[in-house]
Amino acid sequence: MRHIAIIGSGPAGYYTAEAAQKQWGDEVSVDVFDLLPVPYGLIRFGVAPDHQSIKGVSRRYEKTALNENVRFVGNVAVGKDITVAELRELYDAVIFATGAPNDRQLGLEGEDLDNIFGSAEFVGWYNGHPKFADLDPDLSKGHVVVIGMGNVALDVARILSKTETEFEGADVVAHALESLLGSKIEKITILGRRGPHQIMMTPKELGELGALERASPRVDKDDFPDEAEDALLEPGLRKSVTHLRSFAAIPEDMHAEKAIEIEFDMFASPVRFLGDEKVEAVKVERTKVEAGRAVGTGETYEVPASMVITCIGYRTSPIPDVPFDERAGRFANDGGRILPGMYCVGWARRGPTGTIGTNRPDGYDIVEKIAEDLDGGVLGRKGKGGREAFDALANQRKLDIVTFRDWKKIEEAEEEAARAGAPREKFVDIESMIKASR
Ligand SMILES: Cc1cc2nc3c(=O)[nH]c(=O)nc-3n(C[C@H](O)[C@H](O)[C@H](O)COP(=O)(O)OP(=O)(O)OC[C@H]3O[C@@H](n4cnc5c(N)ncnc54)[C@H](O)[C@@H]3O)c2cc1C
Ligand SMILES: NC(=O)c1ccc[n+]([C@@H]2O[C@H](COP(=O)([O-])OP(=O)(O)OC[C@H]3O[C@@H](n4cnc5c(N)ncnc54)[C@H](OP(=O)(O)O)[C@@H]3O)[C@@H](O)[C@H]2O)c1
């Protein structure tokens, strides 16, 4: 029997467990650790609450989790409750699938003013991540600036704009729903440092922005290059640009019918945040795109802001004894190999890009590499203590482990607590999760 520890129960963790199960069947025992008592990482805490069908992918992970030789070990923080050195003593292979949970910083003056949040914080707040449940953003004033032109920025702008009816069937947590529905937002400015032809937002999601009940997207038609150049774009980007062009064609009287304007301010890069305690404005530099990169023009202006949300990417949390690439903000690795017997997958390997499905080939690839390392003798002989030895250590340390069966009790309690039409009402603190699991 070979013993594998996967650290992180998000998509990358579960695709890796699935691949290991397929590769070695009963010859392997896989423990999937998570620092939270609940599994699935960003499927629960990142994917937008109004995109329930996407969250359905967790049913596939559940199938893997219910295999005899795969188990969920929740409420155990690796690097804190157990060290990496200890795990390496117990398991033949240790695979980090810890994602990229920390917001990248802009490093600009004024970034620590009140009511400026990173997307990990803000998305974590409306999705009920225990670390951000108390964020308490002030939505009582009119102008939100969202920085970045990727799908996370799009999620944030959409969630800030939706009406009660549009939230039907969503699992946005109660504290956030109340605050969002009581918000006084009139304008959302999405700041993008490049132009329509470099936008990272995908067509389906942009289409949703054009169909909101009380918000209307506004794009400046002067931001586009000649229409003939659209034909040179790859098909996905071309579709996104088509949506942007349709937003640019919305007549003024139609904008006027909606309570919220979502303005795309392109070729605009933030240079500093202004305000005393709370943010009041963002100073922005006009840019142009040269060889695909945003270059400042020296022209600056101010955009009023009662709240700012930066959606500019993420960094992996370093863990003691795991080599880290500071510049890239993820574990230092060569195609997923970190050190002999130590690997990484998903965002912890590649950085914060790619959809859920992108993590699947990662998981399968690393299992192939581990198989090669086993064949090549890199991982040493059989005989590590694995699961049983971990359980002994956990007992000794009095770790309060949450199993998959415990998680199912949490899930059941959340489903029972759901408001009408919603799939669940999430627990937003660890104590309540643990209580429901017992
Ligand atoms: C806001 C947002 C919305 C998104 N929406 C979509 C979408 O609609 N569709 C789509 O296809 N993709 C979407 N994505 C992308 C998708 O979520 C990612 O590709 C995917 O979640 C990355 O998987 P991962 O397993 O690497 O990381 P994660 O999903 O982040 O999982 C990492 C797990 O590791 C655990 N962990 C971290 N550190 C430790 C530790 N020290 N000890 C134990 N456990 C630890 C965490 O608790 C977490 O459960 C979205 C991403 C974001 C940020
Ligand atoms: N529905 C979905 O499928 C969905 C939903 C959410 C997320 N996701 C996926 O999750 C991944 C992460 O999404 P994301 O939106 O966080 O990342 P992203 O797609 O990489 O977008 C990040 C945005 O931030 C901008 N940015 C970065 N640094 C900046 C800086 N210093 N100043 C100004 N702007 C800056 C980028 O501009 P530049 O392009 O100029 O660098 C880009 O517009 C993506 O792969 C995304 O597709 C998918």
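Residues numbered from 1 in each chain as written. Chains lettered and ligands numbered in written order. Predicted model: local features only at pLDDT ≥ 70, side-chain atom pairs only at ≥ 80, totals over all residues. Heavy atoms only, no water.

In the annotation of an unreviewed UniProt entry, the protein chain is listed under the name FAD-dependent oxidoreductase and assigned to Altererythrobacter lutimaris. In UniProt, the protein chain has this text filed under Cofactor (unreviewed entry): "FAD". Per UniProt, the protein chain carries the Sequence similarities (unreviewed entry) text "Belongs to the ferredoxin--NADP reductase type 1 family." (UniProt positions renumbered as here; feature names shortened; annotations may be inferred.)

Student: Please provide a residue-by-residue account of the overall build of the protein chain, values included.
Tutor: Each helix and strand in the protein chain was counted, giving 16 helices and 19 strands. For a compact globule of 438 residues, the expected C-alpha radius of gyration is about 22 Å, and the protein chain comes in at 23 Å, within 12% of that figure. Each of the three principal axes of the protein chain carries a C-alpha extent, and together these read 70 × 50 × 40 Å. Burial statistics for the protein chain: of 438 residues in total, 53% are counted as buried. Taking contacts inside the protein chain between residues at least 6 apart in sequence as the whole, the part at least 24 apart equals 74%. Accessible area for the protein chain stands at about 19600 Å²; split by element, carbon and sulfur atoms hold 49% of it. (Helix = DSSP H or I, 4+ residues; strand = E, 2+ residues; numbered from the N terminus. Rg over C-alpha atoms; globule rule 2.2 N^0.38 Å. Buried < 20%, exposed > 50% of the residue type's maximum accessible area, 1.4 Å probe, protein only. Contact = heavy atoms within 4.5 Å. Areas by Shrake-Rupley, 256 points an atom, 1.4 Å probe, with all protein chains shown as cover.)

Student: Describe in detail the site of ligand 1, supporting the description with residues and values.
Tutor: Taken together, 30 residues sit near ligand 1, with Ala12, Asp34, Leu42, Trp347 and Ile356 positioned nearest. Between ligand 1 and Ala97 there is a distance of 3.5 Å, counted from an oxygen atom to a backbone nitrogen or oxygen. One nitrogen or oxygen atom from the main chain of Thr355 is found 3.4 Å from an oxygen atom belonging to ligand 1. For ligand 1, whose accessible area on its own is 1000 Å², the fraction buried by protein is 89%. (Near = heavy atom within 4 Å. Polar contact = N/O pair within 3.5 Å; in protein donor to acceptor, adjacent residues only side chain to side chain.)

Student: Kindly report on the sheet that holds strand β13 (residues 293-304), identifying the contributing residues and their values.
Tutor: Here we have three strands laid out as an open sheet, ordered β11-β12-β13, and antiparallel in their pairing. The strands lining the two open edges of the sheet, one partner per strand, are β11 (268-274) and β13. Taking each pair of neighbouring strands and ignoring which way they run, the sheet shows an average axis angle of 25°. (Pairing = 2+ DSSP bridges. Axes fitted to C-alpha atoms, helices over the stretch in contact; angles between N-to-C directions.)

Student: Tell me about the UniProt feature "domain: FAD/NAD(P)-binding" (unreviewed entry) in the protein chain, residues and numbers included.
Tutor: Here the UniProt feature "domain: FAD/NAD(P)-binding" (unreviewed entry) sits at residues 3-167. As annotated, residues 3-167 has a helix share of 34% and a strand share of 19%, and its two end C-alpha atoms lie 44 Å apart.

Student: Describe the site of ligand 2, with residues and values.
Tutor: Residues in close proximity to ligand 2 total 19 residues, the closest being Met149, Arg193, Arg194, Glu205 and Gly354. Taking Asn151, its side chain carries an N or O atom lying 3.3 Å from an oxygen atom of ligand 2. A total of 920 Å² of accessible area belongs to ligand 2 in isolation, and the protein chains cover 79% of it. If one sorts the elements of the shell around ligand 2 by residue count, helix α7 (residues 151-161) sits on top with three residues. By residue class, the composition of the shell around ligand 2 is nine nonpolar, six polar and four charged. (Nonpolar A, V, L, I, M, F, W, Y, C, P; charged D, E, K, R; others polar.)

Student: Explain the sheet that holds strand β19 (residues 342-344) residue by residue, including any values.
Tutor: What the six strands build is an open sheet, ordered β3-β2-β1-β4-β19-β18; its pairing is mixed. Since the sheet does not close on itself, it has two edges, and those belong to β3 (70-74) and β18 (337-339), each with one partner. Each strand of the sheet is rotated relative to its neighbour by a mean of 25°, with strand direction disregarded. Bridge analysis of strand β4 (residues 93-96) against β19 gives three bridges, and the strand direction is parallel. Among the inter-strand pairings, Val94 is bridged to a residue of β19, identified as Met342.

Student: If you had to explain the UniProt feature "binding site: NADP(+)" (unreviewed entry) in the protein chain to someone new, which residues and values would you point to?
Tutor: In this numbering, the UniProt entry assigns the feature "binding site: NADP(+)" (unreviewed entry) to Arg193, Arg194, Glu205 and Gly354. With respect to the helices and strands, the residue Arg194 is situated in the loop between β8 (187-191) and α9 (203-209). Judged by its relative accessible area of 27%, Arg194 is partly exposed. Contact partners of Arg194, with chain neighbours within four places excluded, come to Met149, Met266, Phe267, Val289, Gly292, Arg293 and Ala294. Note that Gly354 resides in the loop between α12 (347-350) and α13 (359-375). Classification of Gly354 by relative accessible area gives partly exposed; the value is 38%.

Student: So, the environment of Arg88: which residues are in play, and what are the values?
Tutor: Structurally, Arg88 can be placed in helix α5 (residues 84-90). The exposure class assigned to Arg88 is partly exposed, which follows from its relative accessible area of 29%. Placed 27 residues apart in sequence, Arg88 and Asn115 show a C-alpha to C-alpha distance of 42 Å. Excluding anything up to four places from it in sequence, Arg88 contacts Val94, Leu339, Pro340, Met342 and Lys384.

Student: Can you tell me about the pairing of β4, naming the residues and giving the values?
Tutor: The alternating pattern of β4 places Ala93 and Ile95 and Val94 and Phe96 on opposite faces, both of which are buried. Where strand β1 (residues 2-7) meets β4, four bridges bridge the pair, whose relative direction is parallel. Bridged to Ala5 within β4 is Val94.

Student: For the packing of aromatic side chains, give the residues involved together with the corresponding values.
Tutor: Per the counting criterion, the structure on display carries 14 aromatic pairs. Their ring planes at 35° and their centres at 5.3 Å tell us that Phe122 and Trp125 sit as a pair that is tilted. On the criterion of helical spacing, the pair formed by Phe122 and Trp125 is a turn pair, its members being three residues apart in helix α6 (residues 119-126). The pair Phe122 / Trp125 is uniform in exposure class, with both members buried. (Phe/Tyr/Trp six-rings, centres within 6.5 Å; stacked < 30°, edge-to-face > 60°.)

Student: Could you give an account of the pairing of β8, with specific residues and numbers?
Tutor: Across the five residues that make up β8, a large majority, four, are buried. Looking at chain direction, strand β7 (residues 143-147) and β8 are connected through five bridges and run parallel. Pairing of Ile147 across the sheet is with Leu191, part of β8. Summarising the sheet, β8 and strand β10 (residues 260-265) pair through five bridges and their orientation is parallel. Across the sheet, Lys187 pairs through a bridge with Glu261, a residue of β10.

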